[in-house]
Amino acid sequence: FGEHPDWGLVVVGHSLGGSVAAVLSLLLRPTYPTVRCWGIDPAGFTCTPALAQYLERFVVSLIHCDSYAARASSCNAQALTQEVAEALRHSRQ
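Because the structure is predicted, anything quoted here is derived from the model rather than measured.

Right, let's get into the pattern of salt bridges. Across all of its chains, the model carries one salt bridge by this definition. Where R89 meets E86, a salt bridge forms, and the shortest distance between an N and an O atom there is 2.6 Å. Of this pair, R89 and E86 both sit in helix α4 (residues 74-91), separated by three residues, roughly a single helical turn. On the accessibility criterion, R89 (45% relative accessible area) is partly exposed. Given a relative accessible area of 34%, E86 falls into the partly exposed group.

Here is the structure:
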């Protein structure tokens, strides 16, 4: 940035890389306060409401149609596990 002080820093990632880009942007924010992040179909992760509100200032998530990665969460995985187990129980009857 020494040669181009008017340039900004943008971190971009897709899927898991989108989530990593968001975390990296969070870590870079103290040094580069104008950092921006674009996450394309970022893998879902859980954060506190306060952190989510803070990230809204500089992280943009783009989710394409029915991308499963962006909707992935531990709650969804647990619900899917329970639904599959229930379906297996019914199929044995």
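The next point concerns the sheet that holds strand β2 (residues 36-40). As summarised here, the arrangement of the three strands in space is β1-β2-β3, forming an open sheet in which the pairing is parallel. For this open sheet the edge positions go to β1 (10-14) and β3 (59-62), each flanked by a neighbour on one side alone. In this sheet, neighbouring strand axes are inclined to one another by 15° on average, regardless of whether the strands run parallel or antiparallel. Summarising the sheet, β1 and β2 pair through five bridges and their orientation is parallel. Each bridged residue has a counterpart across the sheet, and for V11 the counterpart in β2 is C37. Lying on the sheet, helix α1 (residues 16-28) is in contact with β1, β2 and β3; it crosses β1 at an angle near 155°.

Now for the packing of aromatic side chains. In total, this model carries one aromatic pair according to the counting rule given. Measuring from ring centre to ring centre gives 5.4 Å for Y54 and F58, while their planes differ by 80°; the resulting arrangement is edge-to-face.

Structurally, the position occupied by P42 is in the loop between β2 and α2 (49-55). Between the C-alpha atom of P42 and that of G17, which follows or precedes it by 25 residues, the distance is 6.9 Å. If sequence neighbours within four positions are ignored, P42 has contacts with S15, G18, S19, S61, L62, A69 and A70.

So, how was this worked out
- Residues numbered from 1 in each chain as written.
- Predicted model: local features only at pLDDT ≥ 70, side-chain atom pairs only at ≥ 80, totals over all residues.
- Heavy atoms only, no water.
- Salt bridge = Lys/Arg side-chain N within 4 Å of Asp/Glu carboxyl O.
- Helix = DSSP H or I, 4+ residues; strand = E, 2+ residues; numbered from the N terminus.
- Buried < 20%, exposed > 50% of the residue type's maximum accessible area, 1.4 Å probe, protein only.
- Pairing = 2+ DSSP bridges.
- Axes fitted to C-alpha atoms, helices over the stretch in contact; angles between N-to-C directions.
- Contact = heavy atoms within 4.5 Å.
- Phe/Tyr/Trp six-rings, centres within 6.5 Å; stacked < 30°, edge-to-face > 60°.

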